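Spelled out, the chains give:
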Amino acid sequence: MKVLMINSVCGIRSTGRICTDLATALEEQGHEVKIAYGRETVPEQFQKYAVRIGSDLNVKLHGIKARLFDASGFGSKKATKKFIEWVKEWNPDVIHLHNIHGYYINIEILFNYLKTCDKKIIWTLHDCWVFTGHSAYCDAIQCEKWKTGCDHCPQKSEYPKSFTDYSKRNWKNKKSLFSDIPNMQIITPSKWLAGLLNESFLFEYPVTVIHNGIDTSQFYPLENDFRKVYGLDGKRILLGVASTWNDMKGYSDFIKLSEMLDDTYKIVLVGVSKEQKESLPNKMIGIERTNSLKELAMIYSASDLFVNLTYCDNYPTVNLEAIACGKYVVSYETGGSPESIGANGCTVDRGKLKEIVSSIENYFIHPCEVEDYEDFIKRSDKAVALRNYLEMYNSQKIRGVIP
């Protein structure tokens with residue numbers, strides 16, 4: 001079997017690692033795999049899978065078009081035509097879509113091909129961009145215009161940023177392009193996103209929920225000297241982790257939270273930029289992004305409590321990583337975050353920082369252990385997700401299952 005995956009990146013960040021994990025598992029079973037990607041670099045060990053769509057210049061030009069004309073997904077025509085010719089020549093049996101936004105591929109050319117290619121199509125959705133007229137994070141402000149038709153998008157200044165608003169046109173075009181695709185199966189990492197799909201113009205397709213997993217051989221409680229190195233002995237460490245920090249991920253809320261806590265607490269944010277690190281208040285410590293999973297597991301292990309103040313998330317694996325390292329989670333009730341936490345944390349409404357403070361203080365009065373740790377590890381290991389995906393590839397039928 002020949003499997004082609006399409007994603008904005010390959011081998012890096014969450015979606016890129018999902019692709020390469022799948023590619024490795026498929027290759028071990030004797031299948032051929034390619035990952036078509038649009039931007040950034042590919043780690044050396046995964047370059048054998050990688051097929052670049054376009055170039056850096058193509059991404060920049062597409063991004064400019066998106067910024068000026070609210071046309072994310074409608075640039076990259078020449079690069080996409082060239083890519084489709086390659087696809088026809090390579091002739092895969094399965095085409096597995098992931099993130100198709102990111103200024104690298106033209107959705108009109110791509111989906112006109114998919115409607116006639118007679119291939120098995122699997123599409124894993126990682127956010128809301130597919131069924132909105134603009135935003136990937138409509139849930140951050142609880143916008144529901146996408147149910148009947150977008151217009152006057154309240155998030156045009158958010159990714160993918162635009163000076164203009166053509167959300168009405170985009171919604172109609174996406175509805176036309178993404179409908180009536182033969183033999184297509186949609187996968188979501190959370191029941192939350194599956195529920196949104198059932199209220200969108202994609203309701204016609206079967207949906208299967210496959211939760212994202214983590215490498216539990218890397219994330220587990222580790223004794224280490226993180227507290228000593230950073231001078232945090234005797235402090236209550238609250239940890240936040242993100243690949244990129246912005247207000248959607250709760251950056252400003254963490255700063256406000258630091259001002260609401262006394263000096264017994266210290267907030268550690270992993271994944272900050274150099275500029276953010278230098279501007280953090282004294283009650284906070286910034287650590288730039290680390291590519292070492294062991295280092296990250298040590299930081300999780302050394303903390304007292306994991307705090308997730310994201311305003312938009314599908315099924316955040318940072319929650320899973322923290323729990324695997326033995327930590328309780330306090331989170332906003334965002335997207336699939338409550339699903340990923342289960343009984344190993346608590347959630348409050350987004351923006352309710354006083355309730356976050358109360359939850360944090362209550363934890364230190366009544367500390368909680370991770371519930372059914374061994375069972376959690378079995379359910380959360382990425383091998384479970386890989387098995388479910390491999391079953392999907394091998395299945396002769398399209399089906400929808402929400403466990």
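Bear in mind the structure is a predicted one, so any value in this text is a computation, not a measurement.

Looking at the overall build of the chain
Looking only at helices and strands, the chain has 15 helices and 13 strands in total. The C-alpha radius of gyration computed for the chain amounts to 21 Å, which stays within 12% of the reference 22 Å derived for 403 residues, consistent with globular compactness. Split into buried and exposed, the 403 residues of the chain put 56% on the buried side. At a minimum sequence separation of 6, the contacts of the chain that also span at least 24 residues come to 67%.

A look at the pairing of strand S8 (residues 236-241)
Most of S8 is tucked away, with five of its six residues classed as buried. Where S8 lies against strand S9 (residues 265-272), six bridges are found, and the strand directions are parallel. Counted as the bridge partner of Gly-240 is Leu-269 from S9. Between the parallel pair S8 and S9, the chain is carried across by helix H8 (residues 251-260), and the sense of this crossover is right-handed. Examined bridge by bridge, S8 and strand S11 (residues 305-308) share two bridges and lie parallel to one another. Considered in S11, the bridge of Leu-239 is made with Phe-306.

Description of the sheet that holds strand S10 (residues 284-288)
Taken in spatial order, the six strands make up an open sheet running S10-S9-S8-S11-S12-S13, and their pairing is parallel. The outermost strands of the open sheet, each flanked by one partner alone, are S10 and strand S13 (345-348). Going from strand to strand, the sheet's axes swing by 20° on average, the running direction of each strand aside. Bridge count between strand S12 (residues 329-332) and S13: four bridges; the pairing is parallel. Residue pairing in the sheet places Tyr-332 in a bridge with Val-348 of S13. On top of the sheet, helix H10 (residues 293-302) reaches S8, S9, S10 and S11; it is set at about 140° to S8, its chief contact.

Topic: the packing of aromatic side chains
Here the structure, examined in full by the defined rule, presents 16 aromatic pairs. For the ring pair Trp-123 and Phe-178, a centre distance of 5.2 Å and an interplane angle of 80° mean the geometry is edge-to-face. Of this pair, Trp-123 sits in strand S5 (residues 120-124) while Phe-178 sits in helix H5 (residues 167-178), placing them 55 residues apart in sequence. Exposure remark for Trp-123: the relative accessible area of 0% places this residue in the buried category. A ring pair is formed by Tyr-300 and Phe-306, whose centres lie 5.7 Å apart and whose planes are at 55°; its orientation type is tilted. As far as burial versus exposure is concerned, Tyr-300 and Phe-306 are alike and both buried.

Regarding the environment of Asp-165
Looking at the secondary structure, you find Asp-165 in the loop between S5 and H5. Placed 10 residues apart in sequence, Asp-165 and Gln-155 show a C-alpha to C-alpha distance of 9.6 Å. Filtering out sequence-adjacent residues up to four positions away, Asp-165 remains in contact with Asp-70, Asp-151, His-152, Cys-153 and Lys-156. Within polar-contact distance, the side chain of Asp-165 engages the backbone nitrogen of His-152 at 3.0 Å. Of note is the side chain of Asp-165, whose polar atom sits 2.7 Å from the side chain of Ser-167.

What counts, and where the lines are drawn
Residues numbered from 1 in each chain as written. Predicted model: local features only at pLDDT ≥ 70, side-chain atom pairs only at ≥ 80, totals over all residues. Heavy atoms only, no water. Helix = DSSP H or I, 4+ residues; strand = E, 2+ residues; numbered from the N terminus. Rg over C-alpha atoms; globule rule 2.2 N^0.38 Å. Buried < 20%, exposed > 50% of the residue type's maximum accessible area, 1.4 Å probe, protein only. Contact = heavy atoms within 4.5 Å. Pairing = 2+ DSSP bridges. Right-handed = clockwise from strand over helix to strand, strands pointing away. Axes fitted to C-alpha atoms, helices over the stretch in contact; angles between N-to-C directions. Phe/Tyr/Trp six-rings, centres within 6.5 Å; stacked < 30°, edge-to-face > 60°. Polar contact = N/O pair within 3.5 Å; in protein donor to acceptor, adjacent residues only side chain to side chain.

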